[in-house]
Amino acid sequence: MNDILKVKNLYKTFNGAKEPSLFDISLNLKKGEKAALIGPDGSGKTTFLRLLSGLLFPDNIKNDPVLINNLSPYKKRGEIKKIIGYMPQKFGLYEDLTVTENLEFYAGLKNIDKEKRASLFFELLNFSGLLEFKERLTKKLSGGMKQKLGLCCVLLTAPKLLLLDEPSVGVDPVSRKELMKITDKLIKENDTSVIWATSYLDEAKYFDKVFLFSKGRKIYEGTVENAKIVMDGLTYKIKDDKFDKRTLLNEIVKKDKGLIDAVIEGNYIKVVYENKNFAEKSNFNLIKTPPLFEDFVMSALNSKIKSYEEKKPEFNIKTKDNISIKANNLTKIYKTKNKEFIAAKNIDFEVKKGEIFGLLGPNGAGKSTTFKMLCSLIKPSFGTCEIMGLNINKNPVETKKLFGYMAQKFSLFGNLSVKQNLDFFSGVYGLFGKKKKERIEYLIESFELKNYLFEKTDNLPLGFKQRLSLSLAVIHNPCVLFLDEPTSGVDPVTRRDFWMRINALAKNKVSILVTTHFMDEAQFCDRIALVYKGKILKKDTPDNLKNSIKSKSNPNPSMEDAFIEIIKEADKKYDE
Amino acid sequence: MMNKNIIFTFVIKEFRQITRDFSSILIAFVLPLILLFLFGFGINFDTNTIKIGIIDENNTILSRDIKESLNNTKFLDCIYIKNEIEANKLLSGGIIRGYAVIPVNFTKEFKKNSNPKIQIITDGSEPNTAKFVSSYIKGSVESYLEYEKIKSGKKSNSSIISPILRIWYNPSLKSVYFILPGSISIIMTLTGAILTALVIAREWERGTMEAILTTEITKFEFLISKYIAYFILSMLSVIFCFFIIIAIFKVPYIGSYFFLFLISSLFMLTSIGTGLFISTIAKDQFIAGQMAGTISFMPSMMLSGLIYEIDSMPFIIRMISCIIPAKYYVSSISSLFLTGNVYKILIISSIYLFAFAAVVFLLTYFCTKEVIE
Amino acid sequence: MFEKLKRKYLPLISLIKKEFHTIWQDKRSRAVIFLPPVLQLFVFSYAATLDIENIRAGVLNEDNSEISREFIREIQTSRYFSKIYYFKNNKELKKALDEQKIKAAIYIKNDFTKKYKMKDNPEILIISDGRKTNSSRIIAGYITEIASNFAPLGQNINKNIINFVIRNKFNPNLSYRWFIISSLMGILPMTTVILLSALSLAREKEQGTFDELLIVPLKIEEIIAGKILIPLFFGVLNGVIILLISIFIFKIPFLGSIFLYIFSLCIFLFSISLIGLFISAFSRTQQQSMLLVFVFMFPAMMLSGYTTPIENITPLFLQKMTIINPLRFFLVISKGIILKNMNFYYIFLNLLPIFIISIITLFSVKTVFKNNQK
């Protein structure tokens, strides 16, 4: 009787849907156990959590498919509400209330004694580091802080079962780690069980147990270690000095068969094969490397890596030193009544043709401001930005023709169909007649949009939204590409596919500027600029950044370690 | 069933949100002020000076005197026009609203006592003004001749009934005395319905509804809290409006304040209920806005008897107006202001408004979902 | 040549197509564009009448002679009154009037017949309900008219020696419906246009797609044009539908030139769509936009000569303020073309201010747009 949660043969079919969204799910969770719920977008993670919290009703409600503490959430809703904590994807916070007001609100709804509140709030805020922001409006908090506050609101009553729906989407690694700490403390104190839906596979190692969902079915339940064992002997590294790494990656993907995954990792290419036979038949020199949980997921989701060929950019403009993006001393100061806020200060960098340049930094560090100044969405207070030698603020219309842009959250014209979106963008970029037709046909085929051509973009699965968004950004064969968190919320298989395309573009001398929160993606970049508190802290290659924090205690640091360490150092300097 | 603490917490939260959103303050206090101001001055049936033309083809002492007498009335502003072609041009250009023609043989016929003609041509495209023009010209010519007759000592040879007009409740017949209190109904549908038409939809949109639903609050408590918060806000706005009407526009008030409060509260509940109901069924903001306009605001403007007389409307529209809360509110409020406590009107209206509010509440209650999907 | 032109206007055309699809795609928004105006046209034109009919009146007849009863009968048979209630005393009468059972009452004193026969101009008292000022004034007018023409027992009245010949030009029967409809032809398309143009930009801001528009190679002028033309198109379409309904169902005469009318409608709606864009450039959300639309629409309607003639607006400064209201000028044009066949000079005179308002708004919109880019 140690199980807090028992799920048995759970089915869920939405109104009007032909097939169930969740199919025969059975699983158990022990008291005090912490489980990660992992799966591609659309695999039913959110539906599952909503079913557990009683926000949705299952098909087979009579058979009690879900029991929490031996109670059915559909029959004993009042009692269930007292023992679960649920944090929806958008955190459920009121943006126009302050931090304390949000806490007060939820404390009131949860019937917490007035006398107890003050000390409880203090404890939660202090622990989550929000104490100094307690009077701040929620909308002015960064994504990481919002997420912590959302968690605090859920933790007010010390629930027995905590359900968190992708709390870490769009949140930087530092905040993610802190969040994990808060949850761990709670588990120890109250014996709480947690189900945490996430698309960050590197987080899985912090959990006791992993549930892997795909297409509404549970395809794996077990520990991370067990999963890795399955992959033993299938993961390798390849290095070949004859090729540069992008060409090498392409060569491997073209020549080797049975590849599940192939990615650039610093100067190596990491490959994963379906089985040992394929590995033996490899055309390259394989160096064995220990498997990661990620490799297992890629294999379990039936990933097949593919290479792409992209067209050369339309405008082959020659520039000085082959530089395509140049930021000169970019500074943005916001003035309010009595304060000045420097969002970005003296940002300087250059991106060469064919280079992938990453902007990394915690939420609210000035990364977005910098990015938006570069593509003219924000006017800089000082400094200039040149694209292919053209000053974007002096020559906006001409410059805008040279680059493509992919917005955060893929903000597409939601109630237009895929075809209409393609038509619109090809039109504004001046394509018409035969040229337009050919280009659109090419994109539809290359991005596999055919089945969704007349579907409203709002109704597309996230992965297709992302694909469409990229196809629109490259519709005019630009020589520069701006990507603002292009993979946020997207599952690993789709992400890998996305990067293969980006790779192909970079090979054709397209310069790419990208922001991301995925540390493994940061490794795909040629160079990275770490932005913090409005300034660039470091500008270097991924390997150099990792090596810069090498120490005895951590001889083989990951990108995440480097990120956290560099920011810690900067904080120390500020404190001094 | 109800937990006071939960409701209290929720209402406090609503208030914090309201005070931080400049647009709700705008709707609750600034828009009513603009509307009162416009209703006070804009909708005005008390006619001011109308521009008319006169063509004097006769040109005698008598005709010139008539011309003079027309010019002397405070309602008319006369210009002299040479001929009809010019007059018609001015008329169609909207420069004058009508003109009178005194024909060539006017004085001759008049002296012969053989019913001389005066032609009045009005601009029918403004029917209301046209009526005023013809009756003003008629009236002032007649009273001029009457005056002349009395001066010359003639006595009429037949008896004429002479009506004396007594306007009860509003002896000086000021239309603002009626329009301003009545316009509160429009203001209340605006603050009540437009303000609330988006509030539940917004909770869904921003994901907070999901979080609330997993706490201990019940559906009933949720709705009651929304009602209370917006009720207090809107009633503040209403009190503010009444204050302006009574203190600034000096509209007399003779009814009881208790009934004023009671009937306004009940009407406000119908209005908030309608808004919340729209909010539970329409998830798109554009649609919600259009619905609020079409089912709550337009009827209260057109079919409440405030601007247009209900009795003159076709039967079907009269029937429709009977289910519209604003109709009951307008008649109660204008009675309270000008007549006093007319119990029959007040009681019928209170009962109807209460029933309407209750039905809308139940509808909203059953349409509010506790689960997603 | 053609290629060159096409290349030049291609971005704009694509934007316009996109705007069109955005609105047209959605079944509900299609319905919301066309249904309410038509519904409103019907309700308004039936409901809105300033004629007072079906009047319930009360009589307190102390005289109760043949003559006074004949006078009452005269009133009862006139087309305005539907029912006459008889009261015995003042108290009863007051109660009925208080409770709005009757709208007006006639009080005939007991010396009525005596005075009448002595040719001493007998008085009657018309008591009307001051809670509804306009109706009470009109009802009093009806009764007065009946009284002044009253001639019992075959008597000949010879009071009025002047014969007034009244001709109501442009609207011989003074049909209020003609007035309402010719005004609605401006007001209803205006509502559509301003909502569409004010919400479309605010929606893009809310959904984050506005950045997309700023990042593609479109000039500010092109974005403004794209945002205006589609609301304008739907507005004009609405205007034409309303015109057709008015002509074929309500049988309103159309005397002027249709082309001139549509041309003027375009200019008018152009100014309105710019105002809508101006509103949305200021607001961050659709809700704010919608509220601001209400804040604009009320004054615009009330100070346009629709609810009350311009010359009746009492504080003079408010009357003067109407010159910044494009609707005021369009209503003159609309009535002018439809009912009066107004000549071009006067139409031009009223089009000019609308045009000036548009130009000023256009420049303001452009400035706000430029400054919007923080």
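About the criteria used
Residues numbered from 1 in each chain as written. Chains lettered and ligands numbered in written order. Predicted model: local features only at pLDDT ≥ 70, side-chain atom pairs only at ≥ 80, totals over all residues. Heavy atoms only, no water. Helix = DSSP H or I, 4+ residues; strand = E, 2+ residues; numbered from the N terminus. Rg over C-alpha atoms; globule rule 2.2 N^0.38 Å. Buried < 20%, exposed > 50% of the residue type's maximum accessible area, 1.4 Å probe, protein only. Contact = heavy atoms within 4.5 Å. Areas by Shrake-Rupley, 256 points an atom, 1.4 Å probe, with all protein chains shown as cover. Buried area = accessible area lost by both parts, 1.4 Å probe. Salt bridge = Lys/Arg side-chain N within 4 Å of Asp/Glu carboxyl O. Polar contact = N/O pair within 3.5 Å; in protein donor to acceptor, adjacent residues only side chain to side chain. Nonpolar A, V, L, I, M, F, W, Y, C, P; charged D, E, K, R; others polar. Pairing = 2+ DSSP bridges. Patch = residues over 30% accessible without salt bridge, like charges linked within 9 Å, V, L, I, M, F, W, Y side chains within 5 Å. Domains from an automatic or database assignment. Core = buried A, V, L, I, M, F, W, Y, C linked by side-chain atoms within 4.5 Å. Expected span 1.5 Å × (residues − 1). Axes fitted to C-alpha atoms, helices over the stretch in contact; angles between N-to-C directions. Phe/Tyr/Trp six-rings, centres within 6.5 Å; stacked < 30°, edge-to-face > 60°. Lys NZ or Arg CZ within 6 Å of the ring centre and 35° of its normal.

A. Layout of the overall build of chain C. When you go through chain C residue by residue, the secondary structure sums to 14 helices and 5 strands. Compactness check: chain C gives a C-alpha radius of gyration of 28 Å against a globular reference of 21 Å for 374 residues, more than 25% above the reference. Over its C-alpha atoms, taken along the principal directions, chain C stretches across nearly 95 × 45 × 40 Å. Within chain C, buried positions represent 58% of all 374 residues. Residue pairs in contact within chain C that sit at least 24 positions apart in sequence constitute 78% of those at least 6 positions apart. Entry remark: accessible area of chain C is about 15700 Å², with carbon and sulfur atoms responsible for 62%.

B. Just the overall build of chain B, in detail. Regarding its fold elements, chain B presents 15 helices and 5 strands. The globule rule puts the C-alpha radius of gyration for 373 residues at 21 Å, and the 28 Å found for chain B is more than 25% above it. Dimensions of chain B, computed from C-alpha atoms along their principal axes, come out at roughly 95 × 45 × 40 Å. Per-residue burial for chain B yields a buried fraction of 61% across its 373 residues.

C. Molecular detail of the interface of chain C and chain B. Contacts between chain C and chain B engage 106 residues on the former and 110 residues on the latter. Buried area between chain C and chain B, summed over both chains or domains, comes out near 10200 Å², and the portion from carbon and sulfur atoms is 63%. The interface formed by chain C and chain B includes 7 salt bridges. As a salt-bridge pair, B:Lys344 and C:Glu99 come within 3.7 Å of each other at their nearest N and O atoms. Counting the contacts that link chain C with chain B gives 25 residue pairs in polar contact (both at pLDDT 80 or more). With 11 residues, the top contributor of residues to the side of chain C that touches chain B is helix H11 (residues 286-302) of chain C. Class assignment for the residues of the side of chain C that touches chain B results in 54 nonpolar, 28 polar and 24 charged. Here 7 bridges tie strand E5 (residues 162-168) of chain B to strand E4 (residues 123-129) of chain C, and the two strands are oriented parallel to one another. By the bridge assignment, B:Ile164 is partnered in E4(C) with C:Leu125.

D. Spotlight on a nonpolar patch on the surface. There is a patch of nonpolar side chains on the surface, built from B:Phe315, B:Ile316, B:Met319, B:Ile320 and B:Ile323 and spanning about 520 Å² of accessible area. Turning to its location among the elements, B:Ile316 is positioned in helix H13 (residues 315-322).

E. Up close: the interface of chain A and chain B. In this complex, chain A contributes 31 residues to the contact, which on the side of chain B involves 26 residues. Around 2900 Å² of area is buried between chain A and chain B when both sides are counted, 54% of it from carbon and sulfur atoms. The closest approach of N and O atoms between A:Glu101 and B:Arg20, which form a salt bridge, is 2.6 Å. Linking chain A with chain B are 14 residue pairs in polar contact (both at pLDDT 80 or more). For the side of chain A that touches chain B, the elements supplying multiple residues, two or more each, are helix H2 (77-83) and helix H3 (99-109) of chain A. Counting residues per element, the side of chain A that touches chain B draws most heavily on H3(A), which supplies 6 residues. A class-by-class count of the residues in the side of chain A that touches chain B yields 13 nonpolar, 8 polar and 10 charged.

F. Quick look at the domain arrangement of chain C. Entries for chain C in the domain assignment read domain 1 (24-47 + 175-373) and domain 2 (55-148). Using C-alpha coordinates to define each centre, domain 1 of chain C is positioned 47 Å away from domain 2 of chain C.

G. View of unusual backbone geometry. Of note, the phi angle at A:Glu485 is positive, near 40°, even though the residue is not glycine. With respect to the element layout, A:Glu485 can be found in the loop between strand E20 (480-484) and helix H16 (492-507). Although it is not a glycine, C:Gln100 sits at a positive phi angle of roughly 60°. Among the structural elements, C:Gln100 can be located in the loop between helix H4 (90-98) and strand E3 (104-108).

H. Broad picture of the nonpolar core. A:Leu5, A:Phe48 and B:Tyr308 are the most contacted members of the largest nonpolar core, which has 256 residues in total. Those residues in contact with A:Phe48, other than ones at most four positions away along the chain, are A:Val7, A:Leu10, A:Leu22, A:Ile25, A:Leu27, A:Leu37, A:Ile195 and A:Phe213. Among the nonpolar cores identified, the runner-up in size contains 102 residues, and A:Cys385, A:Ile387, A:Phe424 and A:Ala522 belong to it.

I. Structural context of helix H5 (residues 143-155) of chain A. Residues and elements named next belong to chain A. The end-to-end C-alpha separation of H5 is 18 Å, in line with the 18 Å expected for 13 residues at 1.5 Å each. Here H5 lies mainly inside the structure; 12 of its 13 residues are buried. Within H5, burial applies to Gly144, Met145, Lys146, Gln147, Lys148, Leu149, Gly150, Leu151, Cys152, Cys153, Val154 and Leu155. The inward-facing, buried residues of H5 contact strand E5 (84-87), H3, helix H4 (114-128), strand E6 (161-164) and helix H6 (173-190).

J. Layout of the environment of A:Ile378. Looking at the secondary structure, you find A:Ile378 in the loop between helix H11 (367-374) and strand E17 (382-387). Note: C-alpha distance between A:Ile378 and A:Asn393 (15 residues apart in sequence) is 9.8 Å.

K. H11(C), seen in detail. Here H11(C) spans 24 Å end to end across 17 residues, near enough to the 24 Å set by a 1.5 Å rise per residue. Counting buried positions along H11(C) gives 16 out of 17 residues, so the element sits mostly inside the fold.

L. Quick peek at the sheet that holds strand E11 (residues 259-265) of chain A. Residue and element names in this part refer to chain A. Judged by pairing direction, the sheet is antiparallel, and its 4 strands sit side by side in the order E11-E12-E10-E13 without closing on themselves. The open sheet is flanked by E11 and strand E13 (286-288), the only strands paired with a single partner. This sheet shows a mean twist of 30° between the axes of neighbouring strands, independent of strand direction. The pairing of strand E10 (residues 235-238) with E13 spans 3 bridges and is antiparallel. Within E13, the position partnered with Ile238 by the bridge is Leu286. The strands that helix H8 (residues 245-255) touches are E10, E11 and strand E12 (268-273); relative to E11, the one it contacts most, it runs at about 175°.

M. Looking closely at the pairing of strand E15 (residues 340-352) of chain A. All names here are of chain A. Alignment of strand E14 (residues 323-335) against E15, held across 9 bridges, turns out to be antiparallel. From the neighbouring strand, Ile333 faces E15, where its bridge partner is Ile342. The turn joining E14 and E15, which pair antiparallel and follow one another in sequence, is formed by 4 residues.

N. How the structure looks around the packing of aromatic side chains. A full pass over the atoms with the stated rule returns 59 aromatic pairs over all chains. With centroids separated by 5.1 Å and ring planes inclined at 75°, the aromatic side chains of A:Phe105 and A:Tyr106 adopt a geometry described as edge-to-face. With relative accessibility at 4%, the residue A:Tyr106 sits in the buried group. With 5.4 Å between their ring centres and 80° between their planes, B:Tyr365 and B:Phe366 make a pair best called edge-to-face. Residue B:Phe366 is classed as exposed on the basis of its relative accessible area of 64%. Through a chain of ring-to-ring contacts, three or more aromatic side chains come together here, namely A:Tyr94, A:Phe105, A:Tyr106, B:Phe10 and B:Phe222. Directly above the ring of A:Tyr268 sits A:Lys239, whose terminal nitrogen or CZ lies 5.3 Å from the centroid. Against the face of A:Phe518 rests A:Arg495, its NZ or CZ located 3.6 Å from the ring centre.

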